[in-house]
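These are the residues of each chain, in order.
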Amino acid sequence: MSIEYTADAAPPGTRAQYWSESVSEIFFPLDVEIRDPGHFGGNVTYWDVGPTSLARFASGAVRYRREREHLRSIASEQLLITFALRSGASFRQNDVELNCKTRGFFIQRGNSPYEFEHSGDNELWVVKLDSESLRHRVRSIDRFASQVFDAELGMGALLLDTLSAMPQRLDETDKRLHDRLGSHLIDLLSLALEGDERVLRSGESTVQRAHIGRIERFIRQNLRSRSLTPELIAAECGISVRYLHDLFSGGDRTVGRWIRELRLEECRSQLQDADRRDTIAEIAYRWGFGDHAQFSRHYRAHFGETPRQTRDAGRA
């Protein structure tokens, strides 16, 4: 089900306020500056997709500011993944300035001030998600937050194609599947981020990037194996255990914690599937958890609910 906001229906003198309230309702508090309020037109349609949301904007020139006063009541960091389709856009946050060309996309972090604008008519697709849901899939968000990505080729284009087709199909899809659909959308986003060559132009050396890519691929391919230890990973990737830990020290989690969180996410996805008949213990064992009590403790600490509660909610 979609929700639509249309500034065209508001009196010209109130359109800026209407647009500001609408955008803040969809995302989070923002200040909005409209260059030509008397002639401004715009509409936005919003869809809820489980752990994510999707919005399509079509509007005239506008500038958005997220100020420090808007950050006072943050419970968790929200990310906006913004695609500019009709014209370019500019974005400034944390001393980084990005110029996004047409059919490019970038990450807006909701936990610090920023300024985003497009100087002419534009169409935007925006995915909103909790930063933690992306952190479970990529080693560090920081290395992606200062880059503009390409949505014309490869995984970026596939992600945009999926977003464009999704609204038409959502109403045809059982709402009980929306959580899984949103989770798959985040998976596709992580592939688009990690698959874009320009993100590799970070402070990491060519050798480090090669090692990290090989390590992450090996972990994902062997996630079910209970023998997936730092020692095995290091040996298979031709590096020392110490160097393995050094490579992960630039992120926000250790290699062991990242493996555990990836496994917990896979377990959660299967627990949410109402059609699965595996027991909770069988699912946990399949994804490398040999101790059921320990699995339950980690699961509750990570998601704030028990595996049984997740399963019951998926079958409701």
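Residues numbered from 1 in each chain as written. Predicted model: local features only at pLDDT ≥ 70, side-chain atom pairs only at ≥ 80, totals over all residues. Heavy atoms only, no water.

Caption draft 1: Focus on the environment of Val126. Mapped onto the elements of the fold, Val126 is located in strand β11 (residues 122-130). With 78 residues separating them along the chain, Val126 and Asp48 place their C-alpha atoms 12 Å apart. Once residues within four sequence positions are removed from consideration, Val126 is found in contact with Phe27, Ser53, Leu54, Ala55, Phe57, Leu80, Ile81 and Thr82. (Helix = DSSP H or I, 4+ residues; strand = E, 2+ residues; numbered from the N terminus. Contact = heavy atoms within 4.5 Å.)

Caption draft 2: Layout of the pairing of strand β8 (residues 96-100). When strand β7 (residues 89-93) meets β8, the two strands line up antiparallel, connected through five bridges. Bridging across to β8, Ser90 finds its partner in Asn99. Between β7 and β8, which pair antiparallel and follow one another directly, the connecting turn spans two residues, one of which, Asn94, has a positive phi of 50 degrees. (Pairing = 2+ DSSP bridges.)

Caption draft 3: Inspection of empty space enclosed by the protein at higher detail. Scanning all chains against the criterion turns up one cavity of 30 Å³ or more. Quantified by volume, the largest cavity comes out at close to 90 Å³. Every residue along the wall of the largest cavity is listed here: Val23, Phe27, Leu30, Phe57, Tyr64, Leu80, Thr82, Gln108, Tyr114, Phe116, Leu124 and Val126. Of all the secondary structure elements, the ones that give two or more residues to the lining of the largest cavity are β6 (78-84), β10 (114-118) and β11. For the lining of the largest cavity, the class distribution of residues is 10 nonpolar, two polar and no charged. (1 Å grid on protein atoms, 1.4 Å probe; cavity = no way out; pocket = protein on both sides within 12 Å on 5 of 7 lines; lining within 4 Å. Points joined across faces, edges and corners; volume = space filled by probe spheres on them. Nonpolar A, V, L, I, M, F, W, Y, C, P; charged D, E, K, R; others polar.)

Caption draft 4: Fine view of helix α4 (residues 178-195). Helix length check: α4 (18 residues) gives 25 Å between terminal C-alpha atoms against 26 Å at 1.5 Å per residue, within 8%. Considered for burial, the residues of α4 that qualify are His178, Gly182, Ser183, Leu185, Ile186, Leu188, Leu189, Ser190, Ala192 and Leu193. (Expected span 1.5 Å × (residues − 1). Buried < 20%, exposed > 50% of the residue type's maximum accessible area, 1.4 Å probe, protein only.)

Caption draft 5: Here's a closer look at the sheet that holds strand β2 (residues 31-34). The strand order β2-β5-β10-β7-β8 describes an open sheet built from five strands, whose pairing is antiparallel. Lying at the two open borders of the sheet, with one neighbouring strand each, are β2 and β8. Pairwise comparison of adjacent strand axes, ignoring direction, gives a mean angle of 10 degrees for this sheet. Strands in contact with helix α1 (residues 15-26) are β2 and β5 (62-66); relative to β2, the strand with the most contacts, it is inclined by about 145 degrees. (Axes fitted to C-alpha atoms, helices over the stretch in contact; angles between N-to-C directions.)

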